[in-house]
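Inside the fold
Listed here are the chains, written in short residue letters.
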Amino acid sequence: MELGVVFPTNEMGTDPIAIRDFAQTAEDLGYTRLVAYDHVLGAHPDRPEGGAWLGPYGRHVTPPYTHLHAFHEPFVLFGFLAGLTSNLEFMTGVLVLPQRQTALVAKQCAQIDILAGGGRLILGVGVGWNSVEFEALGESYRTRGRRMEEQIGLLRQLWSEPVITFEGDFDRVTKAGLNPLPERPIPIWIGAMADVAVDRAGRLADGWHVPRAYRGDPDRIASEAQKFFGAARSAGRDPSTLGLSSNLHVVGLDPDEQLELAEGAEAAGVTHLHISTMEQGYTPEQHISAIRDFAEQYGVGA
């Protein structure tokens, strides 16, 4: 099992030196991956819906974040950090793909993968869970699942062929292509909770990213992973070729508890575990200290 870190986007602030130090420290300690969350907009609670907005299955939900929560744009962040690190992988965890233009995402990913060197990008995608950003970005919230399935195929085609013609329900490309192309098809992982989305990950993705809501619960990961692996087998795919990642929130846990959950995640089949230090209001320096402490306890990089 490889160990990575979650970029504490809500708590890192805007000092580029602190952001650089976090990524470089993670790489120096032996962590292999940095995962960044994605949101384009945060909504003010005083909205027409009365502080809630349209969420999964048509329900109105209270948002876990507002306009007061900061989110660094992941592609710009990765472009910045790619030039400051050598081997650290970058993964979106996850990018809300269906609210974006497919060809533009393909171009952005190809550029990061090329300029970072060594194939260091993993595109983690999801359908999103609220309608606010879809409205602002001019995309349909209700068709997001079907659109993402189509987008995954189009992304892979754009990354592997110099000129393509594609006509789907949502995108159209006529005798056009990216230049430069990435040296390889960029891995696409799906982050999901609903059964339909886990099934989608098993059928289409290179890996499944367990949502942050699981918080490293190995028993639940093991149970849900069987759905993912089962969907892969039903699609004629070999589950052993697919990745499985999860986040582990280590703040507030003593070292023994941290190790128990990390080892449990590995036993559940997790191939990549991302250490999260958020939700305690840490300063950037405290986040760096926390990932260093875990590295020493768990033997990261040893």
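Above this text sits the structure in question.
Summary of the structure given here. (Residues numbered from 1 in each chain as written. Predicted model: local features only at pLDDT ≥ 70, side-chain atom pairs only at ≥ 80, totals over all residues. Heavy atoms only, no water.)

Description of a negative patch on the surface
We count it as follows: Within the patch definition used here, like charges are joined within 9 Å and nonpolar side chains (Val, Leu, Ile, Met, Phe, Trp, Tyr) within 5 Å, considering only residues with over 30% relative accessible area and no salt bridge. Note on areas: Shrake-Rupley with a 1.4 Å probe; residue coverage comes only from the protein chains shown. Salt bridge criterion: a side-chain nitrogen from Lys or Arg within 4 Å of a carboxyl oxygen from Asp or Glu. Asp and Glu count as negative and Lys and Arg as positive, but His and the ends of the chain are not part of the count. A single reference atom marks each charge: NZ on Lys, CZ on Arg, CG on Asp, CD on Glu. To sort residues, take the accessible area from a 1.4 Å probe on protein chains only and compare it with the maximum for the residue type: under 20% means buried, over 50% means exposed, and anything in between is partly exposed.
The grouping of Asp 254, Asp 256, Glu 257, Glu 260, Glu 263 and Glu 266 at the surface amounts to a negative patch. Its relative accessible area of 49% is what places Glu 263 among the partly exposed residues.

Thoughts on the side chain of Arg 120
Test applied: Put simply, DSSP H or I for four residues or longer makes a helix, DSSP E for two residues or longer makes a strand, and each gets a number counted from the N terminus. Each polar contact in these results corresponds to two N or O atoms within 3.5 Å; when the atoms are within protein, one needs to be able to donate a hydrogen and the other to accept it, and residues that are neighboring in sequence are counted only if both atoms are side-chain atoms.
Relative to the elements of secondary structure, Arg 120 occurs in the loop between helix H3 (102-116) and strand S7 (121-126). Glu 27 provides the closest opposite charge to the buried, unpaired Arg 120, separated from it by 4.6 Å. For Arg 120, the side chain forms a polar contact with the side chain of Thr 85, separated by 2.4 Å.

Description of the packing of helix H2 (residues 74-82) against H3
To keep things clear, this is the line we draw: In this analysis, axes come from line fits to C-alpha atoms, helices being fitted only over the stretch in contact, and the angle between any two N-to-C directions falls in the range 0 to 180 degrees. Roughly parallel means an angle under 35 degrees; roughly antiparallel means over 145; roughly perpendicular covers 65 to 115; every other angle is labelled oblique. Note on convention: near helix rotated counterclockwise from far helix by under a right angle means a left-handed crossing. Clockwise means right-handed. Should any heavy atoms of two residues lie within 4.5 Å, those residues are counted as being in contact.
The interhelical angle for the contact between H2 and H3, taken along N-to-C directions, is 15°, at an axis separation of 9 Å. Between H2 and H3, the angle falls in the class roughly parallel. Crossing angle aside, the handedness with which H2 passes H3 is left-handed. For the pair H2 and H3, the contacting residues are Phe 75, Phe 78 and Ala 82 in the first and Val 105, Gln 108, Cys 109, Ile 112 and Ala 116 in the second.

Side note on helix H9 (residues 284-298)
For the α-helix, the turn length of 3.6 residues means that residues three or four positions removed from each other point alike. As a reminder of what qualifies: Under the convention used throughout, the expected extent of a helix is 1.5 Å for every residue step, that is, one less than its residue count. Think of the arc as the fan of directions from the helix axis to the C-beta atoms.
Helix length check: H9 (15 residues) gives 21 Å between terminal C-alpha atoms against 21 Å at 1.5 Å per residue, within 8%. For H9, the full list of buried residues reads Pro 284, His 287, Ile 288, Ala 290, Ile 291, Phe 294 and Ala 295. The buried residues of H9 occupy an angular sector of 160° when the element is viewed end-on, so they sit on one face. Residues Glu 285 and Glu 296 are exposed on H9 and point more than 90 degrees away from its buried face. The secondary structure elements touched by the buried residues of H9 are strand S1 (2-6), helix H1 (16-29), strand S12 (243-249), helix H8 (255-267) and strand S13 (272-276). Where H9 ends, the next residue or the one after it, Gly 299, has phi of about 80°, a positive value.

Focus: unusual backbone geometry
Omega for the peptide link from Gly 93 to Val 94 comes to 10°, which places this bond in the cis form. Looking along the chain, the bond that leaves Asn 179 and enters Pro 180 is cis, with omega of 10°. As for its placement among the helices and strands, Pro 180 is situated in the loop between strand S9 (172-176) and strand S10 (188-191). Within the chain, Lys 175 stands out as a residue other than glycine whose phi angle is a positive 45°.

The quantities given are spatial measurements derived from coordinates; they are silent on function.
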